[in-house]
Amino acid sequence: MKAFWSNRKARLGSLLVGGLILVALIGVVLYDANMANAEAGPILAAPDSTFWFGTNMQGKDVFIQTLYGAAPTIFYSLLIGAGVTFLSILFGVTAGFFGGRVDLFLNLFINIFLLIPSLPLLIVLAAVFQQHSDTISGPLIIAIVLIGTGWAWGARVLRSQAMTLSRRPFIEAARLSGDGSMTVIFYHLVPNMASLIGTSFIGATTFAVGAQVGLEFLGFGDPSNVTWGTNLYWATQNQALLTGAWWTFLPTGLGIAFFAFGLVLMTFALDEITNPSLATRRHFKASTGQQPDLDTAVVHSMPPKDVDFATAEGET
Amino acid sequence: MNFLLSKMGLYAVAGWAVITLNFLIPRLMPGDPASALFARFKGKLKPDAMEALRQQLGLNDAPLLKQYWDYIAQLAQGEFGLSIAFHPEPVLGVIKIGFIWTVGLSGVAVLISVVVGTGLGAYAAWRQGGRFDAIVPPAVAFLAAFPYFFLAMILLFFLGLEWGLFPLGMAYGPYSAPGFNGGFIYDLVSHGFLPCLTIVLASLSGWLFVMRNTMIGVMGDEYVCLAHAKGLSRRRIFVAYAMRNALLPSLTSFGMALGFIVSGALLTEVVFSYPGLGYLLLKAILSQDYPLMQGIFLMITLSVLLANILVDALYYVLDPRTRGGR
């Protein structure tokens, strides 16, 4: 963790993500759904001292909507991120560990899912699922659909890592000592992939924010819920762009952008820690002092090429 | 040849999977959503359209295999069913024009984004640790964190509405007649500029980082070391040795990136009322036009597959290792 904190990108990224999670919590504590949906003031008032972010077409307070809408979007993104990562591990690690015919089949499956553009598939699925809208609520439909379609990218990365790791002596040893496949996978293989799984989780969460908000923007959410996605949906429905009401979409959009950016920064930081040659040199120098203690197995599994390069580049 | 064959095999299976998925989705959902969808349109459509919809949603008594066979036969004849939003029109007719706009817009945007992003990435690697490397890649990553449609809204609001530099949507103005003349082409470019800029800005990051990180890796390879030892100039090594070899991984990531970019382009079209498939998709969603959604899904997915095939063919030409038959 020390290596993670000494990286500037990691610090900034965690601050952004942590800060926005805090904002979301504050929003839930301070306000409730009635307050977020209340017609609090005049229609389309520009930001002033009473309405810090102005009001929208229905006279709702944009400040409250932005704060209150943060929680469902962030919460569902993390949930979807976790679900996607779980499926990625399941498919990717299984394929990489077993190899052979299992791998051939699963890899084909992964590659097909990677080729299909996500949004049109999501829409077709969500449209059919929506016929259930009495039994399943909007955000849950989106979560199910996103988890079902988003796992392929992570699975691909985890598969290649699992392939390299499962040829290592410690895995061989575990197998020879009589451990079953499941034990080897979950006690020996997966813990050694922790940092990569972390990266996959962050990546999946980033995907989840964008896709979730995109689907809600198109009208697949529950428009009576206040979330970041429906805020943007209502802003376009009310022609915010033509009435010049920039305050109805800018705060929410920037919230999404900063959350996603924070996540991306954290991914970069993890990449730089496991492959120091990628760092801009300032960070590189800062992190050479200590051994990254995040996950030594992964660091050792880096191809020697990169390690040589890191030292060569450090001298020039 | 092996490379090309296995790739083609993958695409064939993927194409079949997509077509089958399209058939299965409305049929395999729990609790019969198809009849719910169907019931919603009762009385709104002509009887023959209802019959077509019934077929498409699998609401007949024929065995699944027979239905599947009929579906494939219909697809082969370019029969995608009837649209509900544009009522008596067949889906294919509705999609055709939108398809051309989408391919044109995304095609141009992707090309610009690949060239600019790769260029910036290479330059950032060349100046690794310098001011350029410290500013440009994070800035581009920040832009990539914006959802496409939000970036589109910002650009449209500031450049279009506030400063009035660009028209506020559609693909060409109401007063210009399509034709091959200066006025219309200018109109086309000024309308397409902002949507294109949105897609380029939002998708730059992928190309930039793949290129930068591969370049940095390649610069540590033995043959680059040898080139240094021979006393070649740094620029020459960079352009003729490192860049050429670092370009290939960008090409391999093209396929996956394309799916993401096309998804974003569809949302961008919605914001700009650009008359492509994204805009049609929104109409289809608003009027719950399921056949149109399916048609667009198939059309986009199959075109992405085709684009991937073309890129792989290019890869085959560029990388001699893929041809290494011994």
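A short tour of the structure in this document, coming up. (Residues numbered from 1 in each chain as written. Chains lettered and ligands numbered in written order. Predicted model: local features only at pLDDT ≥ 70, side-chain atom pairs only at ≥ 80, totals over all residues. Heavy atoms only, no water.)

Topic: the interface of chain A and chain B
Part 1 of the reasoning: Each partner contributes to the interface: chain A provides 57 residues, whereas chain B provides 63 residues.
Part 2 of the reasoning: A buried area of about 5200 Å², summed over both sides, lies between chain A and chain B, and 82% of it is on carbon and sulfur atoms.
Part 3 of the reasoning: Our enumeration of links across chain A and chain B arrives at 0 salt bridges.
Part 4 of the reasoning: Between the two partners, chain A and chain B, sit 1 residue pair in polar contact (both at pLDDT 80 or more).
Part 5 of the reasoning: For the side of chain A that touches chain B, the class distribution of residues is 41 nonpolar, 11 polar and 5 charged. (Contact = heavy atoms within 4.5 Å. Buried area = accessible area lost by both parts, 1.4 Å probe. Salt bridge = Lys/Arg side-chain N within 4 Å of Asp/Glu carboxyl O. Polar contact = N/O pair within 3.5 Å; in protein donor to acceptor, adjacent residues only side chain to side chain. Nonpolar A, V, L, I, M, F, W, Y, C, P; charged D, E, K, R; others polar.)

Structural notes on the packing of helix α8 (residues 182-218) of chain B against helix α10 (residues 234-272) of chain B
Geometrically, a packed helix pair is captured by the angle between its two axes and the distance between the axes.
All names here are of chain B.
Part 1 of the reasoning: Direction vectors running N to C along α8 and α10 enclose 150°, while the axes themselves pass 7 Å from each other. In terms of axis orientation, α8 runs roughly antiparallel to α10. The two elements α8 and α10 cross, and the hand of that crossing is right-handed.
Part 2 of the reasoning: Class assignment for the residues of the contact of α8 with α10 results in 19 nonpolar, 6 polar and no charged. (Axes fitted to C-alpha atoms, helices over the stretch in contact; angles between N-to-C directions. Helix = DSSP H or I, 4+ residues; strand = E, 2+ residues; numbered from the N terminus. Parallel < 35°, antiparallel > 145°, perpendicular 65-115°, else oblique. Left-handed = near helix turned anticlockwise from the far one by under 90°.)

Points about unusual backbone geometry
Generally, phi is negative for residues other than glycine and the peptide bonds are trans, each holding for most cases.
All names here are of chain B.
Part 1 of the reasoning: Even without glycine at this site, Ser 273 takes up a positive phi of about 45°.
Part 2 of the reasoning: Turning to its location among the elements, Ser 273 is positioned in the loop between α10 and α11 (277-286).
Part 3 of the reasoning: Take Ser 273: its relative accessible area is 21%, and that puts it in the partly exposed class. (Buried < 20%, exposed > 50% of the residue type's maximum accessible area, 1.4 Å probe, protein only.)

Notes on the environment of Gly148(A)
Part 1 of the reasoning: Structurally, Gly148(A) can be placed in helix α7 (residues 138-150).
Part 2 of the reasoning: As a C-alpha pair, Gly148(A) and Gly83(A) span 65 residues in sequence and 8.7 Å in three-dimensional space.

Here's the deal with the packing of helix α7 (residues 148-162) of chain B against α10(B)
All names here are of chain B.
Part 1 of the reasoning: Packing of α7 against α10 leaves a shortest axis separation of 8 Å and a crossing angle of 40°. Our classification of the angle between α7 and α10 gives oblique. Both α7 and α10 take part in a crossing whose hand is right-handed. Facing Tyr 148, Phe 149, Ala 152, Met 153 and Leu 156 of α7, the residues of α10 in contact are Phe 260, Ile 261, Gly 264, Ala 265, Leu 267, Thr 268, Val 271 and Phe 272.
Part 2 of the reasoning: Among the residues forming the contact of α7 with α10, the class breakdown is 11 nonpolar, 2 polar and no charged.

Quick word on the nonpolar core
Part 1 of the reasoning: Within the largest apolar cluster, 153 residues are counted, with the highest numbers of intra-cluster contacts made by Ile123(A), Leu218(A), Phe249(A), Val271(B) and Met293(B).
Part 2 of the reasoning: No other element matches the 14 residues that helix α14 (residues 250-274) of chain A contributes to this core.
Part 3 of the reasoning: Looking at which domains feed residues into this core, each of domain 1 (2-76) and domain 2 (91-323) of chain B gives three or more.
Part 4 of the reasoning: Apart from the residues lying within four places of it in its own chain, the contact partners of Met293(B) are Ile123(A), Val124(A), Ala127(A), Leu281(B), Ala284(B), Ile285(B) and Gln288(B).
Part 5 of the reasoning: Counting 15 residues, the second largest nonpolar core, distinct from the first, contains Phe97(A), Ile185(A), Leu196(A) and Ile197(A). (Core = buried A, V, L, I, M, F, W, Y, C linked by side-chain atoms within 4.5 Å. Domains from an automatic or database assignment.)

Considerations on empty space enclosed by the protein
Residues and elements named next belong to chain A.
Part 1 of the reasoning: In this structure the tally under the stated criterion is 5 cavities of 30 Å³ or more.
Part 2 of the reasoning: Here the largest cavity is characterised by a volume of approximately 110 Å³.
Part 3 of the reasoning: Every residue lining the largest cavity is counted, 15 residues in all, and those nearest its centre are Asn 56, Asn 231, Trp 234, Ala 235 and Thr 248.
Part 4 of the reasoning: When contributions to the lining of the largest cavity are tallied by element, the ones reaching two or more residues are α4 (62-98), α12 (228-237) and α13 (240-243). (1 Å grid on protein atoms, 1.4 Å probe; cavity = no way out; pocket = protein on both sides within 12 Å on 5 of 7 lines; lining within 4 Å. Points joined across faces, edges and corners; volume = space filled by probe spheres on them.)

With respect to the pattern of salt bridges
Part 1 of the reasoning: A full pass over the atoms with the stated rule returns 5 salt bridges over all chains.
Part 2 of the reasoning: As a salt-bridge pair, Glu272(A) and Lys9(A) come within 2.6 Å of each other at their nearest N and O atoms. Linking Glu272(A) in helix α14 with Lys9(A) in helix α2 (residues 8-30), this pair joins segments that are 263 residues apart in sequence.
Part 3 of the reasoning: Look at Glu272(A) and you get buried, because its relative accessible area is 7%.
Part 4 of the reasoning: When the shortest N-O distance is used, the salt bridge between Asp312(B) and Lys7(B) registers 4.0 Å. With Asp312(B) in helix α12 (residues 290-318) and Lys7(B) in helix α1 (residues 2-28), this pair connects stretches of sequence that are 305 residues apart.
Part 5 of the reasoning: Under the relative-accessibility criterion, Lys7(B) is labelled partly exposed at 25%.

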